[in-house]
Amino acid sequence: TIYHGDKTIQSNWAMVSYHRHRALIALFSLTTRAGAFSAPSTSAVAAHFKRSNNLAARHHLFIRGGASTSSTTSSIHNSNTNGEEEEPRTGWLHNTEPKYASYPTSSAPLSLAMKRLMADKMQKYRNHRIITPPAAHPCGDANRIMVTEHKISIPLTHPDLKAAIMNNEQLSSTASEEQRRIVPVERIDGAFLTNNEAFDEPTIDVYFTITELLSNAQDEAHFHALQNPNLSPSQRATVYFQKGSNDDDDSSIDPSRMMLYLQGGPGFGCASPVLGLSLASSSSSWAAAVLLGGKVSNADGKSFQRIVLMDQRGTGRSSAICKQQLVKMFPDLFLLDKKEGEGKVVGEEFGGDSDARTMLLQARQQKALKEATDYLSLFRADSIVRDAEWIRESLANPFPSVNDDGNDDAAVNGPQPWGGALGQSFGGFCLMTYLSSIQNPPELVYFTGGIAPMNTPVREVYDRLWLRVRERSWKYYEQYPGDVATVKKIVRKLLAHENSADPIILPSGGILTARRFLQVGLALGGSPGTSFANMHSVINSAFVDEDSDEISNAFLKTIDYEQSFDDAPLYFLLHESIYADGEGATQWAANQSYESHVEANSEFDYRVTSEEDNSNPTLFFGEMVFPFMAHGDFSELSNSGMRTLSEALAEKSDWLPLFDETNMRTALVHKKKSRAAAACYYDDMYVDFECAMKLVQRGCPLEGVKVYVTNEYQHSGLRDDGANIINKLAAMSKNRLHVPS
């Protein structure tokens, strides 16, 4: 029986098969003899396809089969290029690639039945799970909070982003700025409700936690229901959305009462509630202030009920990118790597002389390199904000349905943007992409040290950064003057080993070079009371004792722990690309800038300043990545595969734009869809203060953002005093505080 709206069409030929996650309606002859099934001959199937397609055309059904006599269905089938009448070759009959498309074109009208089928497929495609029973924790003033851990499947390439990539490939280098503009997305899941082909897109998992207050008996009952150990992850998600379903005043999920948090990076997972984000009292963190403090509310003045903490794609527990995973996905990329402990090249089994074998492996590696580069290009801010929209839509409309008028929930409810979003550092960069790319961005937008240097060339970004790192190095040595000599001693020791055949090997297998050691300066942008103190502790653990020049094992372990690029390679691979706003390669801009600074001023050359008789302190490195990191310094980043991948990403020039000035001004100024406030730190080492200020002036992209300028905090202000900062920004965004005055 095939259903079409309220009509029922009887047929003795019907089969639903699945191919590549695609629901395919096909036809076959069903004969029952003593409980057995008999398949028809291929000629019988072919003959009946003709009759059934005529039936399908009359009723606007899309039935898998041969060439249709209906103009409605003929457009979705592949033609026989030889002009011959062929029998249908389906995966069911031949275990081969299906010959015919199984989805309607986007312009074809969809029946009510098809819309409902696709809505049902949407829920399955999302595959929302709560992966473990929730945990409850005590918090301030005798309250309790519940933390649920979610995973959801998300398209690897969102449909509108795929279209943008295809358009970008077709544009020439002389294309106008208007041709390269970002087209804002109205509905992130729109293509999935109009085009069955969208469901063929591979998915990745994104992990996020939701933290919410348990404030009454109903909340507690809901918590205990979710703790049922017999529930599967999918069942637990279903139970989660049942809360408040009969209470209009407390709907189960109201996006306007959710705060989204986007962490810094790129490449690292989000802080965990309680463990990395204290909720002990209303003043213990920004999250506690949002849930418990009473001073942070949504645009309608209502309190926020939930905080969503997302591990951005490729990080934390979200289908994380690591070398192990890349080797599985792109094995040919690593064909030229050495086999551990064997000292020979993988691929000797192919035979032939070594030169011919190497050429063969290089050709295979180049193909895999292109695939891996394209893949990692999908892990930038443009994808991250679309992931956030996918999560929001999945929380707001967890069970997609279509009413009798053919409208789905999201269409009936209208825009349901996040009530608020907070972006720390790179998370703020993502919020700028949000304002540029999403037609209905969060209603309240808060930046903390996160205004990207839009319109500033990537080389200039790093030229300016090196000067700020020098300033912070001086600041560190002012606080710990004894470390000037200690750092020089460490660098000389490491340089001596580099120049010998006896390098210092770290527990991870990497090599502790002088340049790698100086990367501990990445922490210089934190507050002197914590980050400086931690650096001082690391530096003074370098030697076995004060009178020795033997490097201690404890120091080696600490270096490995502090520099986690092996575990989070996305930071190394994609860091410079966060400044790639459209055309142009980054080309290891930080390294180029360093070499220019060294050439102009020996004060930047650690080989010179580490000498005992040199009066200058040895300067640290800052938030930068270098090609040398893939040349042995970091074991997981090194060898042919990762090295060539990092080089390909550095040379990639066809990046999509991340920011759109017109769209940002539309959201903030013209249509006022978002109200925004930003904390900008005057001495911020990571994010250039002057570049940020250029963007918030009248007539500039972020004109509508109210700015709180301070040198009381460093880049770590949100971690150091998050409650005060978020309370201030919330008051500013609602004109309850005259800042700026």
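Residues numbered from 1 in each chain as written. Predicted model: local features only at pLDDT ≥ 70, side-chain atom pairs only at ≥ 80, totals over all residues. Heavy atoms only, no water.

As a further point, take the packing of aromatic side chains. This model, assessed by the stated rule, comprises 32 aromatic pairs. The interplanar angle of 70 degrees and the centroid separation of 5.4 Å between the aromatic rings of Phe 192 and Phe 199 together place this pair among those described as edge-to-face. The burial state of Phe 192 is the same as that of Phe 199; both residues are buried. Plain terms: the ring middles of Phe 565 and Tyr 571 are 5.4 Å apart, the flat faces sit at 25 degrees to each other, and that makes the pair stacked. Relative accessible area serves as the criterion here: at 3%, Tyr 571 is assigned to the buried category. A network of ring pairs unites the aromatic residues Trp 466, Tyr 594, Tyr 606, Phe 621, Phe 626 and Phe 628 as a single cluster. When the ring centre of Phe 634 is taken as reference, the NZ or CZ atom of Arg 516 above it lies at 3.7 Å. Just above the ring of Trp 655 sits the side chain of Lys 652; from NZ or CZ to the centre is 5.1 Å. (Phe/Tyr/Trp six-rings, centres within 6.5 Å; stacked < 30°, edge-to-face > 60°. Buried < 20%, exposed > 50% of the residue type's maximum accessible area, 1.4 Å probe, protein only. Lys NZ or Arg CZ within 6 Å of the ring centre and 35° of its normal.)

Let us look at the side chain of Arg 380. Here Arg 380 is to be found in the loop between helix H10 (354-376) and helix H11 (381-396). Summary of buried charges: Arg 380 has no salt-bridge partner, and the nearest side chain of opposite charge, Asp 382, is 4.2 Å away. A polar contact of 2.8 Å, which involves the side chain of Arg 380, links it to the backbone oxygen of Leu 656. Look past the residues within four positions of Arg 380 in its chain and what remains in contact with it is Ser 577, Ala 580, Trp 655, Leu 656 and Leu 658. (Helix = DSSP H or I, 4+ residues; strand = E, 2+ residues; numbered from the N terminus. Lys, Arg positive; Asp, Glu negative; His and termini not counted. Salt bridge = Lys/Arg side-chain N within 4 Å of Asp/Glu carboxyl O. Polar contact = N/O pair within 3.5 Å; in protein donor to acceptor, adjacent residues only side chain to side chain. Contact = heavy atoms within 4.5 Å.)

Look at the link from Gly 265 to Pro 266: it is a cis peptide, with omega at 5 degrees. Position of Pro 266 among the secondary structure elements: in the loop between strand S11 (258-262) and helix H8 (286-293). Here the bond from Val 739 into Pro 740 is cis, since omega is 0 degrees, no more than 30 degrees from zero. Take Pro 740: it is sitting in the segment after helix H25 (717-733). Its identity is not glycine, yet Ser 319 carries a phi of approximately 35 degrees, on the positive side. Here Ser 319 shows up in the loop between strand S12 (306-310) and helix H9 (323-329). The backbone of Asn 639 shows a phi angle near 80 degrees, a positive value even though the residue is not glycine. Here Asn 639 shows up in helix H22 (residues 639-651). Here Asn 639 falls in the partly exposed class, since its relative accessible area comes to 34%.

Moving on: the packing of helix H13 (residues 426-437) against helix H23 (residues 661-670). For the pair H13 and H23, interaxial distance at closest approach is 7 Å and the crossing angle is 90 degrees. Our classification of the angle between H13 and H23 gives roughly perpendicular. In this structure, H13 contributes Met 432, Leu 435 and Ser 436 to the contact, and H23 contributes Asn 663, Met 664, Ala 667 and Leu 668. Residue composition of the contact of H13 with H23, by class: five nonpolar, two polar and no charged. (Axes fitted to C-alpha atoms, helices over the stretch in contact; angles between N-to-C directions. Parallel < 35°, antiparallel > 145°, perpendicular 65-115°, else oblique. Nonpolar A, V, L, I, M, F, W, Y, C, P; charged D, E, K, R; others polar.)

Counted according to the given criterion, the structure contains 31 salt bridges. Bridged by salt links that share partners, the residues Glu 460, Arg 464, Arg 468, Asp 688 and Glu 690 form one connected network.

Another aspect to go through is H10. Along its 23 residues, H10 runs 31 Å from first to last C-alpha, staying within 8% of the 33 Å computed at 1.5 Å per residue. Along H10, the positions that sit buried rather than exposed are Arg 357, Leu 361, Gln 365, Ala 368, Leu 369, Ala 372, Thr 373, Tyr 375 and Leu 376. The inward-facing, buried residues of H10 contact strand S10 (203-214), H9, helix H19 (569-574) and H22. (Expected span 1.5 Å × (residues − 1).)

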